[in-house]
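# Geometric and topological summary
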Amino acid sequence: MEKIEFNYPEAKRLITKRAHVGVVGSGDMEVLLEPNSEEGARVFITTSVNGFGNAWKAVFDRFFSKFDGAVRIYINDAGATPGSVLLRLEQAVEVIEQ
Amino acid sequence: MVGTLHVHDLIVLRTESAVISTQSDPACPYLNPNQRPWVVVRRGRISDGSILVGVRGSQRHERCAGFTRLSEVVETRRPDQLRLLFAENSRRKLQAFRTLSYLESHLAGLDMSWGPGGSLGYELASGIPAVRADSDLDFILFAPRKLEITEAQDLWRMISGAPGKVDALVETPFCGFSLQEFVTTSPGKILLRTSDGRVLGSKPWDLSKGEHS
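Residues numbered from 1 in each chain as written. Chains lettered and ligands numbered in written order. Predicted model: local features only at pLDDT ≥ 70, side-chain atom pairs only at ≥ 80, totals over all residues. Heavy atoms only, no water.

### Overview of the overall build of chain A
Inclusion rule: Numbering of helices and strands runs from the N terminus; a helix is a DSSP stretch of H or I covering at least four residues, while a strand is a stretch of E covering at least two. Burial classes: relative accessible area under 20% of the type maximum marks a residue as buried, over 50% as exposed, and values in between as partly exposed (1.4 Å probe, protein chains only). The contact rule is simple, with two residues in contact once any of their heavy atoms fall within 4.5 Å. In this description, accessible areas are obtained by the Shrake-Rupley approach with a 1.4 Å probe, and a residue is regarded as covered only by the protein chains that are shown. Charged residues are defined here as Lys and Arg on the positive side and Asp and Glu on the negative side; His and the ends of the chain fall outside this count. Throughout, a charge is located at the NZ atom of Lys, the CZ atom of Arg, the CG atom of Asp or the CD atom of Glu.
Broken down by element type, chain A carries two helices and five strands. The order of α-helices and β-strands along chain A, N terminus first, is β-β-β-β-α-β-α. Out of the 98 residues in chain A, the part that is buried amounts to 49%. Contacts spanning at least 24 positions in sequence make up 80% of the contacts within chain A whose residues lie at least 6 apart. As displayed, chain A has an accessible area near 5000 Å², and 53% of this comes from carbon and sulfur atoms. Averaging the locations of the 11 positively and 14 negatively charged side chains of chain A gives two centres separated by 2 Å.

### Quick word on the packing of aromatic side chains
As a reminder, the rule being used: Two aromatic rings, drawn from Phe, Tyr or Trp (for Trp, its six-membered ring), form a pair once their centres lie within 6.5 Å of each other, and the interplanar angle then sorts them: stacked below 30 degrees, edge-to-face above 60, tilted otherwise. To sit over a ring, a charge needs its Lys NZ or Arg CZ within 6 Å of the ring centre and within 35 degrees of the ring normal.
Across all of its chains, the model carries 13 aromatic pairs over all chains by this definition. Consider the rings of W56(A) and F60(A), whose centres lie 6.4 Å apart with planes at 20°: the pair is stacked. Placement of the pair is W56(A) and F60(A) together in helix α1 (residues 53-64), with a separation of four residues, close to one helical turn. Judged by its relative accessible area of 0%, F60(A) is buried. The interplanar angle of 85° and the centroid separation of 5.0 Å between the aromatic rings of F63(A) and F64(A) together place this pair among those described as edge-to-face. Judged by its relative accessible area of 9%, F63(A) is buried. Taken together, the ring pairs connect F6(A), Y8(A), W56(A), F60(A), F63(A), F64(A) and F67(A) into an aromatic cluster. Positioned above the aromatic ring of Y122(B), the side-chain terminus of R56(B) is 5.7 Å from the ring centre. The ring centre of W114(B) lies 3.9 Å from the NZ or CZ of R83(B), which sits over that ring.

### A short note on the interface of chain A and chain B
What counts here: When two parts are put together, the accessible area they lose, computed with a 1.4 Å probe and summed over both, is reported as buried area. Salt bridges are defined by distance alone: a side-chain nitrogen of Lys or Arg within 4 Å of a carboxyl oxygen of Asp or Glu. Polar contacts, as counted here, are pairs of nitrogen or oxygen atoms within 3.5 Å of one another; within protein the pair requires one atom able to donate a hydrogen and one able to accept it, and residues that are adjacent in sequence qualify only if both atoms are side-chain atoms. All amino acids are sorted into three groups, where Ala, Val, Leu, Ile, Met, Phe, Trp, Tyr, Cys and Pro are nonpolar, Asp, Glu, Lys and Arg are charged, and the leftover types, Gly among them, are polar.
Taken residue by residue, the interface counts 13 residues in chain A and 13 residues in chain B. It is V23(A), S26(A) and L87(A) in chain A that bury the most area against chain B; as a group they hold 44% of the surface buried on that side. Between the two partners, chain A and chain B, sit two salt bridges. Across the pair R88(A) and E181(B) runs a salt bridge whose closest N-O atoms are separated by 2.6 Å. For the pair chain A and chain B, the number of links is eight residue pairs in polar contact (both at pLDDT 80 or more). A class-by-class count of the residues in the side of chain A that touches chain B yields three nonpolar, seven polar and three charged.

### A short note on the sheet that holds strand β2 (residues 19-22) of chain A
All names here are of chain A. Here is the rule we go by: DSSP calls a pair of strands paired once it identifies at least 2 bridges connecting them. As a rule, the C-alpha atoms of each element are fitted with a line to give its axis, helices using only the stretch in contact, and angles between N-to-C directions run from 0 to 180 degrees.
Read across the open sheet, the five strands follow the order β1-β4-β5-β3-β2; overall the sheet is mixed. Either end of the sheet is taken by a strand with one partner, and the two such strands are β1 (2-8) and β2. The mean inter-strand angle of the sheet, taken between neighbouring strand axes irrespective of direction, is 10°. Direction of pairing for β2 relative to strand β3 (residues 29-35): antiparallel, over a ladder of four bridges. Bridge pairing links G22 to E30 in β3. Together, β1, β3, β4 (41-47) and β5 (71-77) form the strand contacts of α1, whose direction differs from that of β1 by roughly 30°.

### Focus on the confidence of the model for chain A
For residues with low pLDDT, the predicted coordinates do not support detailed interpretation. Spelled out, the test is: Per-residue confidence from the predictor is given as pLDDT, running between 0 and 100.
The share of residues in chain A with pLDDT of 70 or more is 100%, and the mean pLDDT across the chain is 95. Ranking the helices and strands of chain A by mean pLDDT puts β4(A) first, with 98, and helix α2 (residues 82-97) of chain A last, with 93.

### Some details on the UniProt feature "modified residue: O-(phosphoribosyl dephospho-coenzyme A)serine" (unreviewed entry) in chain A
We count it as follows: UniProt positions are given in the numbering used here, feature names are shortened, and annotations may be inferred rather than shown by experiment.
UniProt annotation of "modified residue: O-(phosphoribosyl dephospho-coenzyme A)serine" (unreviewed entry) refers to S26(A) when read in the numbering used here. With respect to the secondary-structure elements, S26(A) resides in the loop between β2 and β3. Note on S26(A): relative accessible area 36%, which makes it partly exposed. Those residues within four positions of S26(A) in sequence are excluded, and the remaining contacts are A78(A), D138(B), D167(B) and R193(B). Reaching out from S26(A), the side chain makes a polar contact with the side chain of D138(B) at a distance of 3.4 Å.

### A word on unusual backbone geometry
All names here are of chain B. With an omega of 10°, the peptide bond running from S186 to P187 counts as cis. For H8, which is not glycine, the phi dihedral falls at a positive 85°. With respect to the secondary-structure elements, H8 resides in the segment before β1 (10-13). Of the residues examined, H8 reaches a relative accessible area of 16% and is grouped as buried. Positive phi outside glycine occurs at D48, with the angle close to 55°. Structurally, D48 is set in the loop between β3 (38-41) and β4 (50-56). Accessibility expressed as a relative area gives 71% for D48, which makes it exposed.

Written out as structure tokens, the structure is:
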């Protein structure tokens, strides 16, 4: 079990909706995405697989290179592959941008 | 003769050196030469006589993905062939085994086949202890026909009454998906695990007709 946090202060666009997608099951993860009360975006990851901090950083750097919403993202991960992580993030964004 | 192999099947290989790693090292280091080399079939296309397999070592982090030749397979067990009666008596008090016992008694009338996967399936097939005190039960339901949402809800409600956590995966002829997500999200998009990778979609029994988004 490992906890990881990232900050993306440049993500300032106002977001008003909340999304909850995914499940905590083998090879998958649960994502809660909600408006951040502070400026910028913050990411809080709890993962069952230790030692992948750099891979998570790469995924979120890529995600926030396109997404600029001021959100809090909570992730409960049970070993999702990087591809599934991006799919779940896209799914959450689709919900809040509807 | 081993017949057709499917994802989640447990197989014994001729030798422990029959697995070629797809990760950094050329060999999968976790198979114990003193035990029969049991590995699990991973999701992916069978091509050119090769199948994707997953190797489990004695420690939680000892996992390795690789592939092997179909000709190396000497024995197979499907998840629906694995039941509590194969478990050692001393192991049956572990939560995952108690959960399996609950499912066996509550699913007796189900018209679809099902079985355990993950560490519990591996232990039942191989006899090698793999289940831990905090292991979930990976439950695989084979659903060749469409599961109606009410039917899925009833099933999930029953599963949720089990003594331990159940990670329930439904396998259609085209993909696998989480029963929990299907129940909570349907008819919205859910994560579909196909032989060609993962996609979001809402028609797990209709993937052949081209819905890939």
